[in-house]
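Chain by chain, the residues:
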Amino acid sequence: MQDSINNFFKPESVAVIGSSRIPGKVGHDIVSNLVRYEFPGRIYPINPKADEMLGLKVYPDILSVESDINLAVVVTPAKSVLSALDDCAKKGVKSAIIISAGFKEGGTDGAELEIELLKRAKELGMRIIGPNCLGVIDTYSNLNASFAADMPEKGNISFLSQSGALCTAMLDWALSEHVGFSKMVSLGNKCDIDETDILNAFAADEKTKVIIGYIEALSDGTRFMKAVKQISKTKPIIIAKSGSTSVGARAASSHTGSLAGSNMAYDVAFWQSGIIRANTMQELIDYALAFSYQPIPQNPGLLIVTNAGGPGILAADAAGLSGARLSDLDSQSKEELKSHLPPTASVENPIDILGDAKADRYDIVIEKAMKSDSVGGVLALLTPQSVTQVEETAKIVAAASKTSKKPVLASFMGKEGVASGLRILQKSNVPNYPYPERAVFAFQKMYHYKSWQASPYAPPETIEADDERVSSMVSIALEEGRNRLTHEEIYEVFSCYGIRSPKSIVARDGNGAVSCAEMIGFPVVLKVVSQQISHKSDVGGVRVGVRDSEGLRLAYQEMMDNCTAAVPDAFIEGVVVQEMIERGKELIVGGQRDPQFGPMIMFGLGGIYVESLQDVSFRVAPLNLTDTTLMLREIRSFPILAGMRGEEPCDLEAIQKVILAISQLMERHPEIEEIDINPLKALPFGKGALAVDGRVSIGELK
Ligand code: ADP
Ligand code: MG
């Protein structure tokens, strides 16, 4: 397995099936790229109609090649790809890059052919990149098994892309900016090898320091997250995910024929697994440069030095916007600095060394910043003014970057006027951003990554539970053809998972309800029980604060009348008589299944306003205590839970336990499609939390 993946990057020999002698044809350009970039292994062009190309012997078929072959690049028309694979297998080839188009992206026939292709590859024990891709580049093994127009310089970034065109664009940019890469992989339709396989390969590649990717949809979100959570602790992973908006998602699905998951789920899953998400290609490149060229900051404070006020303010605003922190120099350094700068200069961050600043002023500020413990990194802003020493300043910034362990970023603004400085910065691996905001955002991502790296791995929390009982209830309900659990079942499931609920008894008529209420003790709550009524209070199906039997009879009758009037064909089984929980904050805890990532857990301010307030936070299961602690704090209403204006705080620990329980319940019982507890009444500290209403939808496993 590892070998077959390795062969994509470090093969000893490559066969190109469907090679062509005509320049400009894909089958030609791949062979020519292998030759031109001096692939050191053996190259075997395969074409029954030729003898020789680019100085290489051409073979009529792969079986006529005498020696072993590690990697096949297939360029033949789609319909002959399967037989090409058969030949490869006979020759003992385990890895193939299928460049050919005409598969899933082309419609139903192509999609069927692609299914066949994967089936065949599995039978033959082969691994496939593609089909419909640009190919693979590994600069350190001089392998350019692609039809890209060029080869990037050697470097520490590796790129995986679901779009071949973006690979070529990235390449073009990389060449013009002299940005080095280790590997580039165009995933194509990813019928077999997907982003997770390639991420694992990049993780294992010692030349790769930074992983970047362009993704339209994931093949297996759960597997991806699991891998990413580990890899991202050692290597930053920056991903641009398109199909973020519903319009974008439609374009993406017609593009590679894959279904994009919902954007929110991606946001949450990426965040939880430590991915640095780029919202645009520009951000992808901006962040990639910072991570590739500079060390990770050890503390959050960025120090900005500028020869102009405006850009300094823009940078400071960007810090406020992104959550990047600016930190001042220590007071001694400030004093020393004052003696070197004109009196009107500012020694507060952003440090404004004024428009007449020459390189020496940058030098002294940067030197102080490097020595000051409070400073995590430096951003040098420069606008070309009449006395500005662009080159000298660039040299000073470059020298600081070389000698310091702190990241140094630059924003030399302008074009012609700063060009000579930019060349110096580029040669010294100081990323320059044409606008200061972009530099600040990049720094913020770097520090965020540092905190992610430092956060300890916490295993998922386990809740003691009676899973057998839950399973049996769910299967009975499914056998009875139901897609929802009954009131009693729901509370029993909750109790199997340690989720408490108020005393409640189902009564079939008014008299029954009175005796139930007497058993429970007044005041009580009445709730209609009917499979056809989902939102009970919407149809007058909930009465809280029923104080005595007389009131109860009245309320019961009114409830029946209201519900029958609102939902005439509802079959009303009776009412739930429930203990009245007078105190407590109303929260919501729920779970649903995301097609890409599996159980998605929600927490928020609940009750009847949940939809309008939308004050909720999400996580992908499984969860640990850190996750639930953060979920609680992410909602805007957290201060209400924590206790404000003399109010007692809620029992936060009990709320977290309920969230963990729902997470585990969804994980262990895949037949449960959706759950929600709304409201969960959170009582004051030490008193717990009670589920006063719940819904559980179930379905047969697909
Ligand atoms: P539904 O969501 O179907 O309308 P609920 O059972 O959630 O029905 O009841 C609606 C509202 O009534 C709840 O949001 C809550 O404010 C209140 N309520 C329901 N049950 C209780 C209870 N046992 N104690 C106190 N208030 C309750
Ligand atoms: Mg409710």
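Residues numbered from 1 in each chain as written. Chains lettered and ligands numbered in written order. Predicted model: local features only at pLDDT ≥ 70, side-chain atom pairs only at ≥ 80, totals over all residues. Heavy atoms only, no water.

1. Points about unusual backbone geometry
The following threshold applies: Counting from the N terminus, the helices are the DSSP runs of H or I reaching at least four residues and the strands are the DSSP runs of E reaching at least two. Partly exposed describes any residue whose relative accessible area lies between the buried limit of under 20% and the exposed limit of over 50%, with all areas from a 1.4 Å probe on protein chains only and scaled to the type maximum.
The omega torsion across Gly 130 and Pro 131 is -5°, close enough to zero to call that bond cis. Here the bond from Asn 349 into Pro 350 is cis, since omega is -5°, no more than 30 degrees from zero. Mapped onto the elements, Pro 350 comes out in the loop between α12 (331-340) and β17 (351-352). With a phi angle near 60°, Asn 132 is a residue other than glycine that sits in the positive phi range. Take Asn 132: it is sitting in the loop between β7 (127-129) and β8 (135-138). Since its relative accessible area comes to 25%, Asn 132 is described here as partly exposed. The backbone of Asn 142 sits at a positive phi, close to 50°, despite the residue not being glycine. Assignment of secondary structure puts Asn 142 in the loop between β8 and β9 (143-146).

2. Some details on the coordination of the magnesium ion (ligand 2)
Heads up, the rule is: Each metal's donors comprise the N, O and S atoms found within 2.8 Å of it (within 3.2 Å for Na, K or Ca). Water is not part of the atom list, so some coordination spheres may appear incomplete.
Surrounding the magnesium ion (ligand 2) are the protein donor atoms Asn 678 (O) and Asp 693 (OD), at 2.2 Å. Linking Asn 678 in strand β27 (residues 672-682) with Asp 693 in the loop between β28 (689-691) and β29 (694-698), this pair joins segments that are 15 residues apart in sequence. Of the residues examined, Asn 678 reaches a relative accessible area of 12% and is grouped as buried. A residue is classified by how much of its surface remains accessible, and Asp 693, at 11% relative accessible area, is buried.

3. As for the packing of helix α17 (residues 467-479) against helix α18 (residues 487-496)
Condition: Orientation is described by lines fitted to C-alpha atoms, with helices fitted over the stretch in contact, and by angles between N-to-C directions that extend from 0 to 180 degrees. The cut-offs work like this: below 35 degrees is roughly parallel, past 145 is roughly antiparallel, 65 to 115 is roughly perpendicular, and the gaps in between are oblique. Each crossing gets its handedness from the near helix: less than a right angle anticlockwise from the far helix is left-handed, clockwise is right-handed. Residue contacts are counted whenever heavy atoms from the two residues lie within 4.5 Å of one another. Following the grouping adopted for this structure description, the nonpolar residues are Ala, Val, Leu, Ile, Met, Phe, Trp, Tyr, Cys and Pro, the charged ones are Asp, Glu, Lys and Arg, and the polar ones are all others, Gly among them.
For the pair α17 and α18, interaxial distance at closest approach is 9 Å and the crossing angle is 160°. In terms of orientation, α17 and α18 fall into the roughly antiparallel class. Classified by chirality, the crossing of α18 by α17 is left-handed. Contacts between α17 and α18 pair Arg 469, Val 470, Met 473 and Ala 477 from the former with Glu 489, Glu 492, Val 493 and Cys 496 from the latter. Residue composition of the contact of α17 with α18, by class: five nonpolar, no polar and three charged.

4. Regarding the domain arrangement of the protein chain
As a reminder of what qualifies: Throughout the structure description, domain borders are defined by an automatic or database domain assignment.
The domain architecture assigned to the protein chain consists of domain 1 (2-208), domain 2 (295-454) and domain 3 (503-580). Centre-to-centre separation of domain 2 and domain 3, based on C-alpha positions: 68 Å.

5. Side note on the pairing of strand β15 (residues 301-306)
For clarity, the cut-off: Seen with its strands pointing away from the viewer, a crossover is right-handed when the path leading from the first strand over the helix to the second is clockwise. Between any two strands, pairing holds if DSSP finds at least two bridges.
Judged by how many residues are buried, β15 sits mostly within the fold: six of six residues are covered. With burial as the criterion, each face of β15 is covered, one bearing Gly 301, Leu 303 and Val 305 and the other bearing Leu 302, Ile 304 and Thr 306. In this region the chain leaves β15, passes through helix α11 (residues 309-322) and returns to the parallel neighbour strand β16 (residues 325-326); the handedness of that crossover is right-handed. Where β15 lies against strand β18 (residues 377-382), five bridges are found, and the strand directions are parallel. The residue of β18 that forms the bridge with Thr 306 is Leu 381.

6. Observations concerning the sheet that holds β7
Spatial strand order, β2-β1-β5-β6-β7: five strands in an open sheet with parallel pairing. Edge positions in the open sheet fall to β2 (42-46) and β7, since each of these has one partner strand only. The sheet shows a mean angle of 20° between the axes of neighbouring strands, taken without regard to direction. Pairing of strand β1 (residues 13-17) with strand β5 (residues 71-74), which is carried by four bridges, proceeds in the parallel orientation. Residue pairing for β5: Ile 17 is matched across the bridge by Val 74. Packing against the sheet, helix α2 (residues 26-36) makes contact with β1, β2 and β5, and its axis sits at approximately 165° to β1.

7. What to know about the environment of Tyr 59
Summarising the element assignment, Tyr 59 is placed in the loop between β4 (56-57) and β5. Linking Tyr 59 and Glu 550, residues 491 residues apart in sequence, is a C-alpha distance of 96 Å. Beyond its immediate sequence surroundings of up to four residues, Tyr 59 is in contact with Tyr 44, Pro 45, Ile 46, Asn 47, Pro 48, Ser 64, Val 65 and Glu 66.

8. Concerning the sheet that holds strand β23 (residues 574-579)
Two pairing modes exist for strands in a sheet, parallel and antiparallel, and in both the strands are linked by backbone hydrogen bonds. Strand order in this open sheet of four strands is β20-β23-β21-β22, and the pairing throughout is antiparallel. Both edges of this open sheet fall to β20 (504-507) and β22 (542-546), since each of them pairs with a single strand only. Taking each pair of neighbouring strands and ignoring which way they run, the sheet shows an average axis angle of 20°. Inspection of the sheet shows strand β21 (residues 524-529) paired to β23 by six bridges, in the antiparallel sense. Note that in β23 the partner of Val 524 across the bridge is Glu 579. In the packing of α18 onto the sheet, contacts are made with β20 and β23, and the angle to β20 comes to roughly 165°. Packed on one face of the sheet, helix α20 (residues 549-566) meets β21, β22 and β23 and runs near 25° to β21.

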